[in-house]
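Breakdown of the fold
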Amino acid sequence: MDLDKKPNLTMTNKKGSKALRPNSSLLAIEAELCGAFNMACNGSDSGCRSNCYRNRDEEDEEVAAVPSPETKPVANGNNQGLCIKCKANQPMSFAGRRTDDDARFCGDCFRSNLFGKFRLAVTSNAMICPTDNVLVAFSGGASSRVALQFVHEMQHKAQKNFDASRDRSLPVFGVGVAFIDESSIFTVPEDEVTKGIEDIRLIVSSLTPPTKELHVVPIESLYSSDSNDGSDRLKKLLDAVCDATGKEDLLVYLRMLSLQKIASENGYNRLVLGSCTSRIACHVLTATVKVRTFFQQGHGYSLPADIQYVDSRWGVPVVLPLRDCLIQELNMLCHLDGLKTVELNKNPSSSINGLVSSFVTLLQEENPSRECTIVRTAGKLTPFHFNRIPEINDSNVPLATQRRQKRYNLKPTESISSESFCPICNSPLSKSDLLSFKNVESCDTNSVLFSAACCSSCRFQILPKDPSSVGDFYSLLPQPVVARAKCGSADNYSLLREQIKDCILSDSEDET
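Source: prediction; values computed, not measured. (Residues numbered from 1 in each chain as written. Predicted model: local features only at pLDDT ≥ 70, side-chain atom pairs only at ≥ 80, totals over all residues. Heavy atoms only, no water.)

A short note on the overall build of the protein
Helices and strands together make up the secondary structure of the protein, namely 18 helices and 10 strands. Expressed as a percentage of the 512 residues in the protein, the buried residues total 52%. A sequence separation of at least 24 residues applies to 74% of the contacts in the protein between residues at least 6 apart. As presented, the protein carries roughly 25300 Å² of accessible surface, and 50% of it is formed by carbon and sulfur atoms. (Helix = DSSP H or I, 4+ residues; strand = E, 2+ residues; numbered from the N terminus. Buried < 20%, exposed > 50% of the residue type's maximum accessible area, 1.4 Å probe, protein only. Contact = heavy atoms within 4.5 Å. Areas by Shrake-Rupley, 256 points an atom, 1.4 Å probe, with all protein chains shown as cover.)

Following this line, the structure appears as structure tokens:
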């Protein structure tokens, strides 16, 4: 693809506005990002030359800055050195910014603005209802710490309203916290892990009332209750993956399976992740790089599924309430409110994911609008039908909640349908992936069927290159992955037959 020639990947709708074609996928994202970057942010002292800064109205809606601990008056135009929201307090000074106009909010308004983004995402997408039982994935970093704090504040307010009401018609949603212990994989000192888990217990116990249950689960528990056997099998499984990026991706998928297992076994019906704008921007570019470098169409096809507010393809729907927040904002909030974080030192990453993360960090330093620009561009991709909360027909759910959900849920014409998923990464399978079943439909070897059921990305980066080694790799997989592969194979066969039924000859028809 010639990056100097931007392809025409837009179409005009009935209102005359332009939108990306659903089938353009990563090609459109790549074209728009290349046009937006213009490759002009490579360490220039004069800042970005691609003219992608937003206007003042858009800047007022988001806080895209890295505040320093000091707070001092800054001249910001008509506000005469005062916060543009309350117009009473002095705004915080922001480090690493080039204009005084970037210092806009005082500490209280900064926090209010950030919580407003969270609350808008939750209410607009019906992420949490009064009858829900929510599990917050807690890694110890700033993103998951803020997500836990904000969920607690919503729950605490709901509890106060419940206690103050006479009829007590609206119940208070439950909250649990899950921490996946990966110390068996990374070389982390045992005393550091023990102290980190104890700090997490103190953090969760301090967020009361209401009381929240903490689940500390080792990632090897995906295999069995025998931690030693599970740890050995997990290490062998990861060692069987030669590619550093594939190994890191596989660990991400196993972590999600662990969270899903905790949620399903303990009665949770929502899983809250702390993924923010910065992390999603890295994922967008990572998927684009993998498609361009390795022609991995699997990640390109499934990218729209990974960047939405809601993802219901899992047994327990996953929600991203911090999707519109930058990591710089979340770090600053932790500093302002004294929110304790827990960081366990892990091995440095040499994968594509680590390189892209460093690259995006550099872009953000040159132009604080970069990460938002990437996510907004990727947001033009057409989502899948499972990128919404399943509609509720329960009489116990308040009518206001049901109406809000129907209002904001995606319409069928606004989404892509996919009924088959990769057994490893759970990515939706494209038609090209489904065609791989054509040559193995009659095969009785489970490992061959498993390999054919995977998306092209997992086959390229995770599965062994030697076909004779796939059987050993298959034997090391945890049971949830194997079960999903067996269940998905039958669905894939039926879906493939449905798609090519017009081309299949019946027994009574002659081939000529």
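What about the environment of Lys-465?
Considering the arrangement of structural elements, one finds Lys-465 in the loop between α16 (456-461) and α17 (470-475). Look at Lys-465 and you get exposed, because its relative accessible area is 60%. Lys-465 sits 223 residues away from Cys-242 along the chain, and the two C-alpha atoms are 9.1 Å apart. In terms of polar contacts, Lys-465 uses its side chain to reach the backbone carbonyl oxygen of Phe-460, at 2.7 Å. (Polar contact = N/O pair within 3.5 Å; in protein donor to acceptor, adjacent residues only side chain to side chain.)

Examining the pattern of salt bridges
Taken as a whole and judged by the stated rule, the model has 10 salt bridges. Note that Arg-270 is salt-bridged to Asp-132, the shortest N-O span being 3.7 Å. With Arg-270 in strand β8 (residues 270-272) and Asp-132 in the loop between α3 (107-124) and β5 (133-137), this pair connects stretches of sequence that are 138 residues apart. The exposure class of Asp-132 is buried, given its relative accessible area of 4%. Ionic pairing is found between Arg-323 and Asp-324, a salt bridge with its closest N-O pair at 3.7 Å. On the accessibility criterion, Arg-323 (9% relative accessible area) is buried. Put simply, Arg-111, Glu-153 and Asp-337 are held in one network by salt bridges that share partners. (Salt bridge = Lys/Arg side-chain N within 4 Å of Asp/Glu carboxyl O.)

Thoughts on helix α11 (residues 352-366)
Three or four residues apart is the spacing at which side chains of an α-helix point the same way, because the helix has 3.6 residues per turn. In this model, α11 (15 residues) spans 21 Å end to end at C-alpha, consistent with the 21 Å of a helix rising 1.5 Å per residue. Regarding α11, the residues found buried are Ile-352, Asn-353, Gly-354, Val-356, Val-360, Leu-363, Gln-364 and Glu-366. (Expected span 1.5 Å × (residues − 1).)

None of the figures reported here should be taken as evidence of function without further support.
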